[in-house]
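Working through the structure, step by step
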Amino acid sequence: MMTVAVQMLLMPLVAFLVGLVLVLFMRRLRARIERRVGPPLLQPVYDIVKLYGKRSQISHGPMHEISIMMVVGGVIAVVLFLPVPGMQGLAAHGDLITLVYLLMVPSLGLALGVGQCANPNGSIGISRALTAMVGYDIPLMLVVAGVAIAYGTTSLPQILAMQGGTWGVFQMPLLALAMLIATYGMLAKEPFEIYTAPAEIATGPMVEMGGKFMGALFVMQCFQIYTAGALFTVLFLGGGASWPGFLLKVFAVAAIPLTLTNLFPRYRAERVLHWMWKWPTGIALLGLALIMLR
Amino acid sequence: MAGKTIPIESDPNTEVACRDVGGEERSLLRRVVDQFADHCRARSLFVLHYCTGCGAIELPPSITARFDLERMGIQPMATPRQADILLITGYLAVKTLKRVILTYEQMPGPKYVVGFGSCTINGGMYWHSYATIKQLGNYIPVELYIAGCMPRPEAIQQMFLELMARIDRGEARAWEDYYRRYDAYLAQQQSLFGTRWEGPTDVVAEARRYGLLEHQTLGPHTAHLERYAPYHRELGVPLADKRGSGSLV
């Protein structure tokens with residue numbers, strides 16, 4: 001049995017490596033759907049090394065530099081609370097509520113930093129990012145409440161143990177659907193891509209991020225896609241006894257938003273909020289009611 | 001980046017073998033790291049398209065299904081801060097040249113400018129126009145030109161392959177020239193825009209940061225920028241009096 005300290009080093013490393021493959025998977029998938037070949041195998045590594053090798057010429061101020069650490073630190077902290085095969089990390093010490101709280105840290109960090117660049121595109125972008133967060137967090141919290149009520153616990157290892165017989169997705173399909181949509185919103189892919197929107201607000205919060213800052217955001221993206229897949233897998237697909245099974249589930253879950261995104265253009269900012277508060281929230285409320293009536 | 005190496009085979013008594021080891025001659029580890037970085041740089045190129053000219057129409061086929069530049073790690077980017085390549089597709093009016101220079105100065109190094117089409121090389125079919133510039137290379141350092149009016153996607157691909165090969169060999173260093181000879185570039189810019197021309201980026205401070213501040217960086221033309229020094233000081237931007245060289249008094 002590995003000590004928690006070793007696990008705390010290994011878990012982000014594994015998450016990052018899986019995240020790199022997921023980013024490649026995302027780009028290849030998009031390329032194949034568009035009948036292109038797509039980037040070579042090591043493309044995510046090339047991008048990150050190149051970005052970290054750039055010589056950033058200016059500083060937007062201390063808050064901008066601290067915030068990027070908050071962004072990467074936030075996504076790494078989330079990974080520590082997600083139990084994976086063979087490693088539980090801090091999952092026994094924190095619970096689902098802690099994890100959902102930590103999920104918000106990167107967006108808040110970005111908001112603090114982007115505020116200091118004084119770029120109007122950045123400010124619009126970050127206000128949209130927080131708006132989108134308000135949109136997907138409500139269904140997400142409803143799902144978390146539903147799962148906690150159904151299993152009578154918020155501890156992720158216990159939730160995993162209780163899914164030994166039947167996966168959560170079969171016990172509460174409505175909540176799983178709501179969670180999938182909330183995850184889609186969290187990944188900010190079209191049609192929920194309101195805050196990146198390269199053609200409209202020039203990538204929003206990322207507008208002033210060059211070199212190492214952009215590199216850190218690429219690293220964040222790796223963690224983000226991994227977290228989205230792994231969280232759904234842990235809550236609804238019974239986690240995994242072994243790594244191949246677990247990774248298969250993570251990739252399958254991630255493939256759903258990453259494929260659907262090619263079908264859609266972008267919603268306007270307020271339409272995302274309307275849609276998120278209508279459909280996934282409605283589905284989650286219905287699922288929650290079914291669980292409480294059971 | 002290719003640096004000079006100490007010639008091992010030379011006679012130990014010669015001047016060459018006894019000279020001090022310069023900053024360019026790095027350790028083996030450093031050279032390996034630099035080569036790896038160049039390898040990655042060559043395979044991950046983020047392009048900022050400056051598309052006021054007609055050449056922009058050749059770019060959609062290059063990045064979509066037919067030719068798919070993503071195979072070579074080339075992606076379009078939205079802002080100069082994120083980009084490595086500034087692709088100037090066609091003619092530049094004097095007014096748009098200002099925007100190009102402001103954009104170029106915001107890009108973090110190493111950065112590469114590509115002049116696309118004959119308009120950027122010699123004015124092309126706009127030779128007689130009073131409003132367009134003739135040679136882009138006078139105002140910002142251009143790494144590569146693509147000849148043609150207009151070049152086809154195959155030519156764009158050829159350019160990218162050539163650029164990748166150069167970056168891989170550590171030879172794509174035209175961007176350093178802007179900092180080494182800033183005064184000459186600024187002279188050309190001032191000949192168009194007047195001596196009151198200035199951008200928000202402090203190029204001289206950057207040249208110092210990159211370690212590229214040389215005797216041709218400063219001169220009579222950068223002296224005109226001095227009038228903005230109080231403005232920069234109010235903003236807290238480190239500038240003028242630290243410039244070292246006495247030529248600016």
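Criteria and thresholds
Residues numbered from 1 in each chain as written. Chains lettered and ligands numbered in written order. Predicted model: local features only at pLDDT ≥ 70, side-chain atom pairs only at ≥ 80, totals over all residues. Heavy atoms only, no water. Helix = DSSP H or I, 4+ residues; strand = E, 2+ residues; numbered from the N terminus. Polar contact = N/O pair within 3.5 Å; in protein donor to acceptor, adjacent residues only side chain to side chain. Contact = heavy atoms within 4.5 Å. Expected span 1.5 Å × (residues − 1). Axes fitted to C-alpha atoms, helices over the stretch in contact; angles between N-to-C directions. Parallel < 35°, antiparallel > 145°, perpendicular 65-115°, else oblique. Left-handed = near helix turned anticlockwise from the far one by under 90°. Nonpolar A, V, L, I, M, F, W, Y, C, P; charged D, E, K, R; others polar. Buried area = accessible area lost by both parts, 1.4 Å probe. Salt bridge = Lys/Arg side-chain N within 4 Å of Asp/Glu carboxyl O. Core = buried A, V, L, I, M, F, W, Y, C linked by side-chain atoms within 4.5 Å. Buried < 20%, exposed > 50% of the residue type's maximum accessible area, 1.4 Å probe, protein only. 1 Å grid on protein atoms, 1.4 Å probe; cavity = no way out; pocket = protein on both sides within 12 Å on 5 of 7 lines; lining within 4 Å. Points joined across faces, edges and corners; volume = space filled by probe spheres on them. Disulfide = S-S within 2.5 Å. Pairing = 2+ DSSP bridges.

**Some details on the side chain of D47 of chain A**
- The residue D47 of chain A is located in helix α2 (residues 43-53) in this model.
- Separated by 2.5 Å, the side chains of D47 of chain A and S44 of chain B make a polar contact.
- Those residues in contact with D47 of chain A that sit more than four places away from it in its chain are R27 and F218 of chain A together with S44, F46 and Q75 of chain B.

**A short note on helix α3 (residues 62-80) of chain A**
- Here α3 of chain A spans 27 Å end to end across 19 residues, near enough to the 27 Å set by a 1.5 Å rise per residue.
- Those residues of α3 of chain A that are buried lie in contact with α1 (4-33), α4 (96-103), α5 (105-117) and α11 (212-236) of chain A.

**Overview of the packing of α1 of chain A against helix α12 (residues 243-260) of chain A**
Residue and element names in this part refer to chain A.
- Viewed as axis vectors pointing N to C, α1 and α12 meet at an angle of 40 degrees, and their least axial separation amounts to 10 Å. Taken together, the axis directions place α1 and α12 in an arrangement best described as oblique. The two elements α1 and α12 meet at a crossing, and its hand is right-handed. Between α1 and α12, the residues in contact are V14, V18, V21, L22, F25, M26, L29 and I33 and W243, L247, V250, F251, A254, A255, L258 and T259, respectively.
- Class assignment of the residues belonging to the contact of α1 with α12 gives a composition of 15 nonpolar, one polar and no charged.

**Overview of the interface of chain B and chain A**
- Tallying the contact residues gives 34 residues for chain B and 33 residues for chain A.
- Together, E70, R81 and Q82 of chain B form the three largest contributors to the area buried by chain B at its contact with chain A, with a combined 24%.
- A salt bridge links D68 of chain B to R36 of chain A; the shortest N-O distance between them is 3.0 Å.
- In this structure, the connection of chain B to chain A is made through 18 residue pairs in polar contact (both at pLDDT 80 or more).
- With five residues, the single largest contributor to the side of chain B that touches chain A is helix α2 (residues 28-43) of chain B.
- Its residues assigned to classes, the side of chain B that touches chain A comprises 14 nonpolar, nine polar and 11 charged.

**Overview of the nonpolar core**
- In this structure, V147, M209, Y226, L235 and F236 of chain A are the most contacted members of the largest nonpolar core, which totals 94 residues.
- Top contributing element to this core by residue count: α11 of chain A, with 18 residues.

**Considering the layout of surface pockets**
All names here are of chain A.
- In this structure, the largest pocket occupies an estimated 1,500 Å³ of space.
- Here the lining of the largest pocket takes nine residues from α11, the largest share from any one element.
- Across the lining of the largest pocket, the residue classes tally to 29 nonpolar, 10 polar and nine charged.

**A few points about the state of the cysteines**
- For the structure shown, the criterion picks out zero disulfides over all chains.
- Among the cysteines around C40 of chain B, which has no disulfide bond, C222 of chain A carries the closest sulfur, lying 14 Å off.
- For C40 of chain B, a relative accessible area of 0% puts it in the buried group.
- Here C51 of chain B is not cross-linked by a disulfide; its sulfur's nearest cysteine counterpart is in C54 of chain B, at 11 Å.

**Digging into the environment of V100 of chain A**
Residues and elements named next belong to chain A.
- Positionally, V100 belongs in helix α4.
- Residue class for V100 comes out buried when judged on its relative accessible area of 3%.
- Counting along the chain gives 81 residues from V100 to I181, while the straight-line C-alpha distance between them is 16 Å.
- Setting aside residues up to four positions removed in sequence, V100 forms contacts with L140, M141 and V144.

**So, the sheet that holds strand β2 (residues 74-76) of chain B**
Residue and element names in this part refer to chain B.
- Taken in spatial order, the five strands line up as β2-β1-β3-β4-β5 in an open sheet, and their pairing is parallel. The open sheet has two edge strands, β2 and β5 (144-146), and neither has a second partner. Neighbour to neighbour, the strand axes of the sheet diverge by 25 degrees on average, direction disregarded.
- Relative to β5, strand β4 (residues 112-116) is paired through three bridges, and the arrangement is parallel.

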